[in-house]
Amino acid sequence: MIKYLLQKEFLQIRRNSFMPKIIFIFPIMVMCVMPWVMNQEVKNIRVDVVDIDRTSQSQQLVHQIEASNYFIFNGQKATYQEAMKDIETTKADIILEIRDGKYLIAANAVNGTKGSIGSAYLSQIVRSRSAFLRPVGSKRPEVERPLGSSKNLSPLTSNLSPLTLYNKLQSYKVFMIPALMGILMMMLCGFLPALNIVSEKEKGTIEQINVTPVSKWSFILAKLIPYWIIGLVVLTLCLVLSWLVYGITCQGPLLLVYLLAILLALFFSSFGLIVSNYSDTMQQAMLVMWFFVVCLMLLSGLFTPVRSMPDWAYLTTYINPMHYFADAIRTVFVRGGGLQSIAHQVLALFCIASAMAVWAVKSYKKNF
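Residues numbered from 1 in each chain as written. Predicted model: local features only at pLDDT ≥ 70, side-chain atom pairs only at ≥ 80, totals over all residues. Heavy atoms only, no water.

A. Structural view of the overall build of the protein chain. A tally of helices and strands in the protein chain yields 13 helices and 5 strands. Burial statistics for the protein chain: of 368 residues in total, 45% are counted as buried. Taking as baseline every contact in the protein chain between residues at least 6 positions apart, the subset at least 24 positions apart corresponds to 76%. Within the structure as shown, the protein chain displays about 20,000 Å² of accessible surface, and the carbon and sulfur contribution to it stands at 63%. (Helix = DSSP H or I, 4+ residues; strand = E, 2+ residues; numbered from the N terminus. Buried < 20%, exposed > 50% of the residue type's maximum accessible area, 1.4 Å probe, protein only. Contact = heavy atoms within 4.5 Å. Areas by Shrake-Rupley, 256 points an atom, 1.4 Å probe, with all protein chains shown as cover.)

Written out as structure tokens, the structure reads:
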């Protein structure tokens, strides 16, 4: 019986003029566009320089800032007050004042991330340049940041040589691509089954299934299996695009990536089925799904570290399957971890997905 129900579902998907396009065009657009857009690297920081000393060393520092890929040199100003006018009118983000061998950095902290990271970038350039020009036995110049903090930067006492173990190029795309795979699995395996069932409710065709001797398990599996298959095909497409477009490949076993995707698909498809069982219209199902999906996504650590959240929000990660998926797939995809390193996340995903699957079956009411 389930064989014919699966044939019906695939025929419905194929005959829908919109569905096949969105299934394949949407992942391609996400993988080819989003890694470039969803980037938390801070660039194009506009800098005003107030060079009171006018020495050859200070001019070399200005040229180094001008040549940096992170800064846009906004020109040299005669006074600090003139540069502050650019800050107040948002024409500049940071001021560097050079006076009596001291360097003062003032950052516009309206955008806290841009201000703090931009001032840290500029401090690194000043420190490196000062260390290069400093005569043996002389003191290092002080670097001050008056806006937000007046604490002087601690001097460097030794040469540091960073060692990057995993993401050697420190590309944010390596961090985001596994997250985008999870988002695609969530959208395809969560939204589509829910909307499919609710649309049959609106059309009245589900009543024809309810009066047949088809069991609940057969009906539910027939609704979910096609989208599981579509999700795995899309995951394969994402892996291929990651390799072709960005040259990024999975460092760990691919079977673990597919295992995590299957568990996540089981959770979201079951969750979508639960929402459809309690919804009467597509609009209602869409709003309910969107509410929970946004909360699960933003509280999972896909984009920002979960440890930076308040304690009450951090507690929600213990029941958030997207959090376990994000941790596990980045461990496998980026660090090359094995099953032993993600056993905790796999077990948690399996338990949460199984509980949702049981709820989905129990909540579906079939009337003969």
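More follows now that the structure is in view.
B. Spatial organisation of helix α12 (residues 321-333). With 13 residues, α12 extends 18 Å from end C-alpha to end C-alpha; this agrees with the ideal 18 Å at 1.5 Å per step. Counting buried positions over the 13 residues of α12 gives 12, a clear majority of the element. Taken together, the buried positions of α12 are occupied by Pro-321, Met-322, His-323, Tyr-324, Phe-325, Ala-326, Ala-328, Ile-329, Arg-330, Thr-331, Val-332 and Phe-333. Looking at the buried positions of α12, the neighbouring elements they touch are α6 (172-203), α8 (216-246), α9 (254-277), α10 (282-298) and α13 (343-363). (Expected span 1.5 Å × (residues − 1).)

C. Examining the packing of α8 against α9 more closely. Close contact between α8 and α9 brings their axes to 10 Å; oriented N to C, the two are set at 140°. On the basis of the axis angle, α8 is oblique to α9. Judged by the twist between their axes, the crossing of α8 over α9 is right-handed. Across from Ile-220, Leu-224, Trp-228, Leu-232, Leu-235, Thr-236 and Leu-239 in α8, the residues of α9 making contact are Leu-254, Val-257, Tyr-258, Ala-261, Ile-262, Ala-265, Leu-266, Ser-269 and Leu-273. Residues belonging to the contact of α8 with α9 are distributed by class as follows: 14 nonpolar, 2 polar and no charged. (Axes fitted to C-alpha atoms, helices over the stretch in contact; angles between N-to-C directions. Parallel < 35°, antiparallel > 145°, perpendicular 65-115°, else oblique. Left-handed = near helix turned anticlockwise from the far one by under 90°. Nonpolar A, V, L, I, M, F, W, Y, C, P; charged D, E, K, R; others polar.)

D. Geometry of the pattern of salt bridges. Counted according to the given criterion, the structure contains 3 salt bridges. The partner of Asp-86 in a salt bridge is Lys-77, and the shortest N-O contact between them spans 3.3 Å. (Salt bridge = Lys/Arg side-chain N within 4 Å of Asp/Glu carboxyl O.)

E. Representation of the pairing of strand β3 (residues 94-99). Summarising burial for β3: 5 of the 6 residues are buried, a large majority. Alignment of strand β1 (residues 45-51) against β3, held across 5 bridges, turns out to be parallel. Note that in β3 the partner of Val-47 across the bridge is Ile-94. Pairing of β3 with strand β4 (residues 102-107), which is carried by 6 bridges, proceeds in the antiparallel orientation. Among the inter-strand pairings, Ile-95 is bridged to a residue of β4, identified as Ala-106. Adjacent in sequence and paired antiparallel, β3 and β4 are bridged by 2 residues, among which Asp-100 carries a positive phi angle near 55°. (Pairing = 2+ DSSP bridges.)

F. Representation of the side chain of Thr-317 within the structure. Looking at the secondary structure, you find Thr-317 in the loop between α11 (311-314) and α12. We classify Thr-317 as buried; its relative accessible area is 1%. Here the side chain of Thr-317 touches Tyr-314 through a polar contact of 2.6 Å, landing on its backbone oxygen. (Polar contact = N/O pair within 3.5 Å; in protein donor to acceptor, adjacent residues only side chain to side chain.)

Bear in mind that shape data such as this cannot, by itself, settle questions of function.
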